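# Report on the structure
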Amino acid sequence: MYQSAVELPLIPSPTHLDAREGAWEGADPLAVLTCDITDELQDAEFELEVSEEAIAVRAGSNEAALNARLTLEQLSELCREGEKVRIPALILRDQPRFSWRGLHIDPCRHFLPMEELRRIVEVMSLYRLNILHLHLTDDQGWRIEINGYPRLTDIAAWRERTVIGHHNVKDPDADQYLEERHDGYYTQAELRELVAFARERGITVVPEIDLPGHMQAAIAAYPEFGTRPEVQHKVRDTWGVSEHVLGVSDEAFQFVKDVLTQVSDIFDAPYVHIGGDEVPRVEWENSPAVEAKLREWGLNEPGHVQQKYTEVAHAILAERDRAMVGWDEILEGKLPEGAVIMNWRSADTVAEAVRRGHDVVVSTAPTLYFDFPQSPDRETEPLAARWGGHVATLENVYTDQLLPENLTAEESARILGLQAQTWSEFIPNAEHLQYMLFPRLFALAERAWSENPPMFETSLERLPAHLEILERKGMRYRPSLNPWIA
Ligand code: ACM
């Protein structure tokens, strides 16, 4: 057990920590916590004092007070001895570096039951991650109930079969399939409950409706939203990007409006993500309806259909006081003011976006793509993404350069934070997801919170205590901190 507060292996590592004499002992430190909101501290700042007699928080805002409480929850986990908790006396002062400390989950390629999402929310909050980005729609499954569109849940929420392992791009006929129905969706009531549950733990749930591409499941349910209503597609059962994208019918635009309106009602986040990534143009290039519509809009390239969707989505969300977030492809067109960028394809787009006046969430692949393996030794690792031959080791997540150099203060202020992605093509269930998350998620939490995150080597000493916390919670993780040893 920890004799002095200087020994505490907290993650994130606190900005200021003074050890004091003595320790608090009892069953539940959270039950005795007192809290004072004061304007003597900055909004995001808190001070947590643990002494033999009391545990007290002073905080600059309710949000900072909640972060103090979550810090105490982690202390309680670290300092637990059976039924008893013994926390060495301390004064801890802290505040987050970034306001966006995110984790992205993809329940489309493989569905994740709601109780598993909640377990992830609980662990995220212990490490003061504060954004859960839910990627709710894709070619392989639509996962959110939308009133007035019953076929989204009757048809688009399930597929007949699923390719096994990696899709064989060169020889699709060689693909093998699991001949089993794969399905699942969240009702609006369940999502509202998740929003409230996460909110109590300091986490905002940001929904993503990926458009105008990654829409094959919705188009399978409602062919009139696509470019060729006469063709009946199935929900996609392989990985890779579908060519079947939204068309330009009035029904398609009305659908986008209805979905974004209901989503803004279910989720209280100030942001709604509209995807915008990987949109093949081949259907637009071959559609007389698109050609006619472009003429009507005064636009001249098939690619401008995406720009139109971005504009329309932005206007719908702006009316509801929501900022629009999109993957970095939306930078390729004219982009409305206030749009937020998630860069994924390159670190360079971070600089481009902030220079053009957009806020950015740094989500760069491969470092922050936790669907890549944690070791270069793929043989010893579970199934994982392999495009580009990339890996994302714990050390990569701790040390890779993520922020551009030479930004002005104003440009730097546009970087909202960092986010890890867990695309689920190769993550078939909750246990596999947990393995891919940990311990890398600790590194992300540390970098997103701390102004000066500790060196990788010192971090390694703090990690085993956190793997024990995961163990007690029954969660899986990669047990070795060495990328070369399984
Ligand atoms: C992405 O990985 N398609 C954003």
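Just above, that's the structure.
Here is what the cut-offs are and how they apply
- Sequence order as written defines the numbering, with residues in each chain counted from 1.
- With the structure being a predicted model, the display of local features is reserved for residues of pLDDT at least 70 and the display and counting of side-chain atom pairs for 80 or more, all residues being used for whole-chain, interface and lining totals.
- With hydrogens and water set aside, each side-chain value is computed from the structure's full complement of heavy atoms.
- Strands are runs of DSSP state E lasting at least 2 residues, helices are runs of H or I lasting at least 4, and numbering of each runs from the N terminus.
- Atoms counted for the radius of gyration: C-alpha only. Globule rule: 2.2 Å times the number of residues to the power 0.38.
- Categorising residues by exposure relies on relative accessible area from a 1.4 Å probe, with only protein chains included: less than 20% of the type maximum marks a residue as buried, more than 50% marks it as exposed, and the intermediate range marks it as partly exposed.
- The contact rule is simple, with two residues in contact once any of their heavy atoms fall within 4.5 Å.
- Accessible areas in this description were obtained via Shrake-Rupley with a 1.4 Å probe; residue shielding takes into account the shown protein chains only.
- The sign given to each residue is positive for Lys and Arg and negative for Asp and Glu; His and the chain ends receive no count.
- Where a charge lies is defined by one atom per residue type, namely NZ (Lys), CZ (Arg), CG (Asp) and CD (Glu).
- Put simply, a nonpolar core is a bunch of buried Ala, Val, Leu, Ile, Met, Phe, Trp, Tyr and Cys residues held in one set by side-chain atoms that sit within 4.5 Å of each other.
- For Phe, Tyr and Trp, where Trp contributes only its six-membered ring, two rings pair if their centres lie within 6.5 Å, and the inter-plane angle classes them as stacked under 30 degrees, edge-to-face over 60, or tilted in between.
- By definition, being over a ring means that NZ of Lys or CZ of Arg is both within 6 Å of the ring centre and within 35 degrees of the ring normal.

For the rest of this paragraph, the subject is the overall build of the chain. Along the backbone of the chain there are 16 helices and 20 strands. In terms of overall size, the chain behaves like a compact globule, its C-alpha atoms giving a radius of gyration of 23 Å where 486 residues would be expected to give roughly 23 Å. Counting all 486 residues of the chain, 59% fall into the buried class. By sequence separation, contacts in the chain at least 24 residues apart represent 71% of the contacts at least 6 residues apart. Entry remark: accessible area of the chain is about 19900 Å², with carbon and sulfur atoms responsible for 46%. Charged side chains of the chain number 46 positive and 83 negative; the gap between the two group centres comes to 1 Å.

The subject of this paragraph is the nonpolar core. Counting residues in each nonpolar core, the largest one holds 135 residues, and the members touching the most others are Leu132, Trp142 and Ile144. Here this core takes eight residues from helix α7 (residues 250-266), the largest share from any one element. Leu132 has contacts with Leu103, Ile105, Leu117, Val121, Met124, Leu194, Ile203, Thr204, Val205 and Val206, leaving out every residue within four places of it along the chain. Listed in part, the 22 residues of the second largest apolar core include Trp327, Val340, Trp344 and Tyr369.

For the structure on display, the rule yields 21 aromatic pairs. With a centroid separation of 6.4 Å and an interplanar angle of 55°, the aromatic rings of Phe46 and Trp449 are classed as tilted. Of this pair, Phe46 sits in strand β3 (residues 46-50) while Trp449 sits in helix α15 (residues 440-449); the two residues are 403 residues apart in sequence, bridging distant segments of the chain. One aromatic cluster is present, formed by Trp327, Trp344, Tyr369, Phe372, Trp387 and Trp423 through successive ring pairs. Geometry around Tyr177 places Arg161 over its ring, the cationic atom sitting 3.5 Å from the centre.

A few words on α15. Every α-helix winds through 3.6 residues per turn, so residues three or four apart in the chain are directed the same way. Taking burial as the measure, the 10 residues of α15 include 10 buried ones, the bulk of the element. Within α15, the full set of buried residues consists of Arg440, Leu441, Phe442, Ala443, Leu444, Ala445, Glu446, Arg447, Ala448 and Trp449.

What follows is about the side chain of Ser450. Counting through the fold element by element, Ser450 comes out in the loop between α15 and α16 (456-472). Every residue in contact with Ser450, bar those within four places of it in the chain, is listed here: Pro12, Ser13 and Arg97.

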